[in-house]
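Here is how the chains run, residue by residue.
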Amino acid sequence: LDDAAIADIARRLDRPVTLVGLMGAGKSTVGRRLATLLGKGFIEIYVSVEVADELSITEMFEISGENYFRDGERRVIERLLGDGPRVIATGGGAFINDETRQLILERAIAVWLDADLEVLVFKQHIALHDTQQPAFRITHGVNGVVPVNHLLHRILHHHVRLQVERLRQHDG
């Protein structure tokens, strides 16, 4: 697309573009670039949730549990979806919540970012050692972890497959 076509798309946006996908799919990297390209604001949900609650996501999980965090995440997303066109990067588990998913599908342009399994595993391994990246497991009972690789992209407006490692090479 040339600059005129991108400017036309930006002018016609009437609601947020919300990026969803598993942790490590590139939502933050793509979101920053897309927002810059469109001349729109960029928001990472996990940062907004931390500011709203005055706790880190890790502290929210430890003190009050995942349900508390997901409820706060849903409320922040709901508020931000009413603030006009912008680019929003959700957390890796946001779209799993039925209410949050419905809000996004009704009030935003939902874009599922997909990445190869090897990239996701590698990035999640790195995230577990990075104190700046919220990394979580959705637990099921006492015995294990529920896989989060649902085929959610089938119900989204757009499904984008990208090579995250190529984007990282150009980050500078």
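Let us look at the structure shown here.

Each value, and the rule that gives it
Along every chain, residues carry numbers that run from 1 in the direction the sequence is written. pLDDT decides what is reported in this predicted model: residues at 70 or higher carry local features, side-chain atom pairs at 80 or more are listed and counted, and totals for whole chains, interfaces and linings draw on all residues regardless. Note that water and hydrogens are dropped before the side-chain values are worked out from all heavy atoms of the structure. Here, nonpolar core means buried Ala, Val, Leu, Ile, Met, Phe, Trp, Tyr and Cys residues that are tied together by side-chain atoms lying within 4.5 Å of each other. The classification of residues rests on relative accessible area computed with a 1.4 Å probe and restricted to protein chains. Under 20% of the type maximum is buried, over 50% is exposed, and intermediate values are partly exposed. Strands are runs of DSSP state E lasting at least 2 residues, helices are runs of H or I lasting at least 4, and numbering of each runs from the N terminus. Residue contacts follow a heavy-atom distance rule, with two residues in contact if any of their heavy atoms lie within 4.5 Å. Aromatic contacts are taken between Phe, Tyr and Trp rings whose centres are within 6.5 Å, Trp giving its six-membered ring; a plane angle under 30 degrees counts as stacked, one over 60 as edge-to-face, and the others as tilted. The term salt bridge refers to a pairing of a side-chain nitrogen on Lys or Arg with a carboxyl oxygen on Asp or Glu at a separation within 4 Å. Note on definitions: angles span 0 to 180 degrees between N-to-C directions of axes, and those axes are lines fitted to C-alpha atoms, for helices only across the stretch in contact. Angles below 35 degrees are treated as roughly parallel, those above 145 as roughly antiparallel, those between 65 and 115 as roughly perpendicular, and all remaining angles as oblique.

**Observations regarding the nonpolar core**
- In terms of nonpolar packing, the biggest core is built from 23 residues, with I45, L81 and I104 touching the most fellow members.
- Broken down by secondary-structure element, the contributors of at least two residues to this core are helix 3 (45-53), helix 4 (57-64), helix 5 (66-81), helix 6 (98-107) and strand 4 (109-114).
- Ranked by residues supplied to this core, first place goes to helix 5 with five residues.
- With residues up to four places along the chain from it excluded, the contact list for L81 reads P16, T18, I88, L103, I104, R107 and A108.
- Grouped together as the second largest cluster of nonpolar side chains are 13 residues, I6, L19, A35 and V111 included.

**Here we look at the packing of aromatic side chains**
- Overall, the coordinates contain one aromatic pair when judged by the stated rule.
- Ring plane angle 45 degrees and centroid distance 5.2 Å describe the contact between F61 and F69, whose orientation is recorded as tilted. This pair shows no difference in class: F61 is buried, exactly as F69 is.

**Concerning the pattern of salt bridges**
- A full pass over the atoms with the stated rule returns twelve salt bridges.
- Measuring nitrogen to oxygen at the nearest pair gives 3.6 Å for the salt bridge that ties R74 to E99. Taken as a pair, R74 in helix 5 and E99 in helix 6 lie far apart in primary sequence, 25 residues in all.
- R74 gets classed as buried once you look at its relative accessible area, which sits at 14%.
- When salt bridges with common partners are traced through the structure, they connect D71, R74, R75, E78 and E99 into a single cluster.

**Section: the packing of helix 5 against helix 6**
- Interhelical geometry of helix 5 versus helix 6 gives an angle of 10 degrees and a closest axis separation of 10 Å. Taken as axis vectors, helix 5 and helix 6 run roughly parallel relative to one another. Counting all contacts with helix 5, which are made through R74, I77, E78 and L81, the residues of helix 6 involved are E99, T100, L103, I104 and R107.

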